[in-house]
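# Residue-level structural notes
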Amino acid sequence: GKAKKAAKSAQKQVNKAAVLGAGIMGGGIAYQSAYKGTPIVMKDINDDALDLGLTTAAGILTKLVERGRLNAKKMAGVLNNITPSLSYDSMKDTDIVVEAVVENPKVKGIVLAEVEGQVAEDTIITSNTSTISIDLLAESVSRKDKFCGMHFFNPVHKMPLVEVIRGKDTSDETVATVVAYAAKMGKSPIVVNDCPGFYVNRVLFPYFAGFSQLVLEGADFTAVDKVMEKQFGWPMGPAYLLDVVGIDTADHCTGVMSAGFPTRMAKIDNDPVTKLYGDERYGQKNGKGFYDYG
Ligand code: NAD
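Not measured: the values here are computed from a predicted model.

## Remarks on the overall build of the chain
- Scanning the chain from terminus to terminus reveals 12 helices and 8 strands.
- The C-alpha radius of gyration computed for the chain amounts to 19 Å, which stays within 12% of the reference 19 Å derived for 294 residues, consistent with globular compactness.
- A principal-axis box enclosing the C-alpha atoms of the chain has dimensions of 55 × 45 × 35 Å.
- Looking at the chain residue by residue over its 294 residues, the buried ones come to 44%.
- For the chain, contacts bridging at least 24 residues in sequence account for 68% of all contacts bridging at least 6.

Put into structure tokens, the structure is as follows:
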């Protein structure tokens, strides 16, 4: 009721956006915003990450051109809508910022405080965090009414859902603006209340925990994937999905969930995901996780 009312209240027009972090998610968010006509500044601290973000966008567009769903001129236009940057310089006039840096509350806190000092007073700031409480992150910003969660799913250009997470101080106008921007991006947003893991990851991380326990009891992860894919009919099994998510990100998320729900989501001793993380097997992003990628 309350969430629906907020989504219907007055909203601000989003003409220009910014995303912080050009990784799996930041690159995808930049692509999707640009593709649907909202120019976006994509900032990272690492030049290689910016290149990777742009290459990923170009790769998705090339496929669309090859399938005859887009012409080369429109492709150039979409790429032109993404401004890669190592600084906050081109962000002064952005209407909305989506923070998509590493899943670490301390790093996110620093980045959120930093960006708030660089943008206009009425700029909405959001976080694409998977699991960290929005009210906790809101402690790092002073304009708390203009802050909320905007949680996309991976791969951003394919997954319809966006969770808009309302913090205790988030205004109705902020929720309405973020919902409208998600819809403009071609997504189907839902407004959810704040808690660690929000909505989807409250379901997904217990599933990952169940998988980890099964592996610790001796199950072969490839066999689990095979059953979940071939017989149960899901598009991918848990081990492969963890490699897609990023083993590092998944491990950070598990830490947040176990802190948030100490009994139900208690940290698993010798979790195979934590072991892979320790071995620097981060999943598809660095070519090795549960599986090896050539
Ligand atoms: P990633 O490791 O692919 O990318 C993170 C990027 O952030 C890197 O390029 C890094 O250089 C950059 N970065 C680090 N500090 C920065 C700073 N101070 N300023 C700017 N850039 C900085 O991670 P990811 O998978 O894209 O995850 C990013 C966020 O999105 C996390 O909060 C994660 O939980 C969330 N998320 C991830 C998924 C997923 O499936 N991977 C899904 C939904 C949400």
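## Structural notes on the pairing of strand S2 (residues 40-43)
- Side chains Ile40 and Met42 of S2 all project onto a buried face; the interleaved residues Val41 and Lys43 project onto the opposite face, where all are buried too.
- Pairing analysis gives 4 bridges linking strand S1 (residues 17-20) to S2, with the strands arranged parallel. Directly across from alanine 17, in S2, lies its bridge partner isoleucine 40.
- Following the chain from S1 across helix H2 (residues 24-35) to the adjacent parallel S2, one finds a crossover that is right-handed.
- Where S2 lies against strand S3 (residues 82-85), 4 bridges are found, and the strand directions are parallel. Within S3, the residue paired with valine 41 across the bridge is threonine 83.

## What to know about the packing of helix H8 (residues 200-216) against helix H11 (residues 247-260)
- Axis separation between H8 and H11 bottoms out at 11 Å; the angle between their running directions is 105°. Between H8 and H11, the angle falls in the class roughly perpendicular. Two secondary-structure elements touch here, H8 through Asn201, Phe205 and Phe208 and H11 through Ala250, Cys253, Thr254 and Met257.
- For the contact of H8 with H11, the class distribution of residues is 5 nonpolar, 2 polar and no charged.

## A closer look at the sheet that holds S2
- As summarised here, the arrangement of the 8 strands in space is S3-S2-S1-S4-S5-S6-S7-S8, forming an open sheet in which the pairing is mixed. Edge positions in the sheet fall to S3 and strand S8 (188-193), since each has one partner strand and no second. On average, each strand axis in the sheet is tilted by 25° relative to the strand beside it, whichever way the strands run.
- In terms of strand pairing, strand S6 (residues 147-152) meets strand S7 (residues 161-166) through 4 bridges, oriented antiparallel.

## Looking at the confidence of the model for the chain
- With 97% of its residues at a pLDDT of at least 70, the chain reaches an overall mean of 96.
- At the level of chain-chain contacts, confidence expressed as ipTM amounts to 0.98, with global pTM at 0.95.

## Some words on the UniProt feature "active site" (unreviewed entry) in the chain
- UniProt's entry tags His151 with the feature "active site" (unreviewed entry), counted in the numbering of this structure.
- By the secondary structure assignment, histidine 151 is in strand S6.
- A tally of 28 C-beta atoms within 10 Å means that histidine 151 is categorised as buried.
- Apart from the residues lying within four places of it in its own chain, the contact partners of histidine 151 are Asn128, Thr129, Ser130, Val162, Glu163, Ile165 and Phe198.

## Details of the site of the ligand
- Near the ligand you find 28 residues, and of these Gly21, Gly23, Met25, Ala49 and Asn154 are the closest.
- Put simply, the parts of the chain that give the shell around the ligand at least two residues each are H2 and helix H5 (105-116).
- No other element matches H2, which puts 3 residues into the shell around the ligand.
- If you count residues domain by domain, the shell around the ligand takes at least three from each of domain 1 (2-193) and domain 2 (201-285).

## Structural notes on the domain arrangement of the chain
- Here the chain is described as being made up of domain 1 (2-193) and domain 2 (201-285).
- One C-alpha centre belongs to domain 1, the other to domain 2; they are set 26 Å apart.
- Residue-level contacts link 7 residues of domain 1 with 10 residues of domain 2.
- Of the residues in the side of domain 1 that touches domain 2, the class split is 2 nonpolar, 4 polar and 1 charged.

## Topic: the nonpolar core
- Counting residues in hydrophobic clusters, the biggest one holds 76 residues, and the most contacted among them are Val19, Ala30, Ile40, Val164, Val178 and Leu242.
- The biggest single contributor to this core is H2, with 7 residues.
- Two domains each donate at least three residues to this core, and these are domain 1 (2-193) and domain 2 (201-285).

## Examining the environment of serine 9
- The residue serine 9 is located in the loop between helix H1 (2-8) and S1 in this model.
- With 14 C-beta atoms counted inside 10 Å, the residue serine 9 sits in the partly exposed group.
- As a C-alpha pair, serine 9 and histidine 252 span 243 residues in sequence and 35 Å in three-dimensional space.
- Sequence-distant contacts of serine 9, that is, excluding residues within four places in its chain, are made with Asp172, Glu173 and Ala176.

## Some words on unusual backbone geometry
- Cis rather than trans, the peptide bond between asparagine 154 and proline 155 has omega equal to -5°.
- In this structure, proline 155 sits in the loop between S6 and S7.
- Unusually for a residue other than glycine, phenylalanine 198 sits at a positive phi of about 55°.
- Relative to the helices and strands, phenylalanine 198 resides in the loop between S8 and H8.
- Its 22 C-beta neighbours within 10 Å are what place phenylalanine 198 among the buried residues.
- Residues other than glycine seldom take positive phi values, yet asparagine 270 does so here, at roughly 55°.

About the criteria used
Residues numbered from 1 in each chain as written. Predicted model: local features only at pLDDT ≥ 70, side-chain atom pairs only at ≥ 80, totals over all residues. Helix = DSSP H or I, 4+ residues; strand = E, 2+ residues; numbered from the N terminus. Rg over C-alpha atoms; globule rule 2.2 N^0.38 Å. Buried ≥ 20, exposed ≤ 12 C-beta atoms within 10 Å, placed from the backbone. Contact = placed C-beta atoms within 7 Å. Pairing = 2+ DSSP bridges. Right-handed = clockwise from strand over helix to strand, strands pointing away. Axes fitted to C-alpha atoms, helices over the stretch in contact; angles between N-to-C directions. Parallel < 35°, antiparallel > 145°, perpendicular 65-115°, else oblique. Nonpolar A, V, L, I, M, F, W, Y, C, P; charged D, E, K, R; others polar. pLDDT = per-residue confidence, 0-100. UniProt positions renumbered as here; feature names shortened; annotations may be inferred. Near = placed C-beta within 6 Å. Domains from an automatic or database assignment. Core = buried A, V, L, I, M, F, W, Y, C linked by C-beta atoms within 7 Å.

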